[in-house]
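# Descriptive analysis of the structure
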Amino acid sequence: MTEKFSRGLEGVIAAESALTYIDGQKGILAYVGIPIEELAEHATFEETVFLLLHQRLPTRSELQKLSEELADQRPLPAPVAAILKVLPRQASPMSLLRTAISVLGHFDPQADDTSPQALQAKAIKLIAQMATLTAAIGRLRQNQETIPPHPTLSHSANFLYMLTGKEPADFAARVFDVALILQADHEFPASTFASLVVASTLTDTYSAISAALGALKGPLHGGASEQVVQMILEIGEPAKAEQYIKEKLARHERIMGFGHRVYKTYDPRARILKKYSQKLAEQTKDTRLFEIEQIVEKTVIDALGSRGIFPNVDFYSGTVCYYLGIEPALLTPIFAVSRIAGWMAHMIEYVADNRLFRPTTRYVGPPLGHYIPIDKRA
């Protein structure tokens, strides 16, 4: 029998999941059956966390309890905070975050417990502390003192507070909340798959999340939003945008923030973030970046839309965060602040009916032979 080979495992069904539904041809994304548009319009990130972890929406009391648990888990163990301060401040923020998560595991006495109850508890802790770590890394990179978490702010508002030192305006907090909701899960991209491969060995959760962060650090997965912002800033003026993109296309260079392995139409997350990017541009009275994006989008779609190349979530998530005052280098760690919810939800789901990942390879080497003594080799 001829074994089927799929480079990069593209199109291979590696597991069953009740978490995320995607129709890449129609541009549909839903968490546990709820369209992402409805969650972005009506839900909070905390509700989305509960939805992913429990595969249903919470009651009012359940949501209140979850919010309180997340707030309780925000502070870092003192030794972790101290270690973070002595790491090289100009190292990659994703490298710092990966190291910090690994260190965090040493201060969890139940780190190796993979029972459903322990994984749920670790999910709350990691969702809360991923945000605290990322905000601390952002502060330290600017040679600023870290700011302790606020006990009563929402998850999104607290992150912006820890990063900037100021309680955010309601609209800014809501926009960031939507950004977190939109990136909380997305089926089986490289980071989620990496975490499950590691988790399937029944090792500790922190090892699995460190693997996810290592995968997310790669520019083909999590680094695109930062590169989009850098591209927009490099263009600088709307009048230069069309020619800039046409020259890149003529050189067959990739335009970051466009195209997706799954979506062959407009990414539904990008549609939502585009509206918020425009609103933020209007509020800040600085529409230049948004105007550049519109020209870039039109130029790319005119050239490549017939091939299914449209904006993905990274194209607008970067400028949304930039308008909120977040430096581009933090965009991939912020992706992790959101996606930790999906990583943990998939881990809980998969380990409940665990099967060690062990794919095979197609051998393309020489035929079987024999060892040749060294004095008889040509």
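Residues numbered from 1 in each chain as written. Predicted model: local features only at pLDDT ≥ 70, side-chain atom pairs only at ≥ 80, totals over all residues. Heavy atoms only, no water.

## Describing the environment of Pro328
Looking at where Pro328 falls in the secondary structure, it is placed in the loop between helix H15 (313-323) and helix H16 (331-351). When the C-alpha positions of Pro328 and Pro219 are compared, they lie 14 Å apart, and in sequence the two are 109 residues distant. (Helix = DSSP H or I, 4+ residues; strand = E, 2+ residues; numbered from the N terminus.)

## Quick notes on the packing of aromatic side chains
All told, the structure shown has seven aromatic pairs when counted by the stated rule. Centroid distance Phe193 to Phe357: 5.2 Å. Interplanar angle 80°. Geometry classified as edge-to-face. Taken together, the residues span a long stretch of sequence, with Phe193 in helix H9 (residues 190-199) and Phe357 in the segment after H16 at a distance of 164 residues. For the pair Tyr350 and Phe357, a centre-to-centre distance of 5.0 Å together with 10° between the ring planes defines the contact as stacked. Comparing Tyr350 with Phe357 shows no difference in burial state: the two are buried. It is Arg271 that lies over the ring of Tyr266; its NZ or CZ is 4.3 Å from the centre. Above the plane of the ring of Tyr276 lies Lys279, whose end atom (NZ or CZ) is 5.3 Å from the centre. (Phe/Tyr/Trp six-rings, centres within 6.5 Å; stacked < 30°, edge-to-face > 60°. Buried < 20%, exposed > 50% of the residue type's maximum accessible area, 1.4 Å probe, protein only. Lys NZ or Arg CZ within 6 Å of the ring centre and 35° of its normal.)

## Examining helix H12 (residues 238-250)
Buried residues of H12: Pro238, Ala241, Tyr244, Ile245, Lys248 and Leu249, and no others. Taken around the axis of H12, the buried residues stretch over an arc of 125°, which confines them to a single face. When the buried face of H12 is taken as reference, the exposed residues oriented beyond 90 degrees from it are Ala239, Lys240 and Ala250. Those residues of H12 that are buried are in contact with helix H11 (224-235) and helix H14 (288-304). Note on H12: the residue one or two positions beyond its end, His252, has a positive phi of about 60°. (Arc of directions from axis to C-beta. Contact = heavy atoms within 4.5 Å.)

Just distances and angles here, no functional claims.
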